[in-house]
Amino acid sequence: MKNRANSGSPEKSATITIRVGHNTRKRLEASAKRQDRKAAGIARQAIEDYLSVQDWQERRIREALTSAESGEGIEHEKVMFWLNSWDSDSEVVSPHV
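Heads up: these notes are all about the structure in this document. (Residues numbered from 1 in each chain as written. Predicted model: local features only at pLDDT ≥ 70, side-chain atom pairs only at ≥ 80, totals over all residues. Heavy atoms only, no water.)

## Examining the packing of helix H1 (residues 22–35) against helix H2 (residues 39–69)
Alright, step 1. The geometry of H1 relative to H2 is characterised by a closest axis approach of 8 Å and an angle of 105° between their N-to-C directions. On the basis of the axis angle, H1 is roughly perpendicular to H2. Here Leu-28, Ser-31, Ala-32 and Gln-35 of H1 come into contact with H2, specifically with Ala-39, Ile-42 and Ala-43.
Alright, step 2. Classifying every residue of the contact of H1 with H2 gives 5 nonpolar, 2 polar and no charged. (Axes fitted to C-alpha atoms, helices over the stretch in contact; angles between N-to-C directions. Helix = DSSP H or I, 4+ residues; strand = E, 2+ residues; numbered from the N terminus. Parallel < 35°, antiparallel > 145°, perpendicular 65-115°, else oblique. Contact = heavy atoms within 4.5 Å. Nonpolar A, V, L, I, M, F, W, Y, C, P; charged D, E, K, R; others polar.)

In structure tokens form, the structure reads like this:
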């Protein structure tokens, strides 16, 4: 994941306000103290990391759907036959495209 400090050009920042539970706030403050960082910096990084993961997941889902719609992939029955053979005396090799 790209860190803003390493991206070459600083991104303009904006202030947002969010509500979190009391326990979440205490955990954030404790984490900031342990890391000798500001709580806002930890929260910002957590949001950036979350959004990066969400972007990756959404991109991969779109790619998988496109792939499936074009006929690529392994038939459900073949996958189930393989999975059902697990932990048996007659385990089969995984199906391939």
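## Quick look at the pattern of salt bridges
Alright, step 1. Counted by the stated rule, this structure contains 2 salt bridges.
Alright, step 2. A salt bridge links Arg-25 to Glu-29; its shortest N-O distance comes to 2.9 Å. Remark: Glu-29 and Arg-25 occur in helix H1; sequence separation between them is 4 residues, near one turn of the helix.
Alright, step 3. A salt bridge links Arg-60 to Glu-63; its shortest N-O distance comes to 3.7 Å. Of this pair, Arg-60 and Glu-63 both sit in helix H2, 3 residues apart, which is roughly one turn of that helix. (Salt bridge = Lys/Arg side-chain N within 4 Å of Asp/Glu carboxyl O.)

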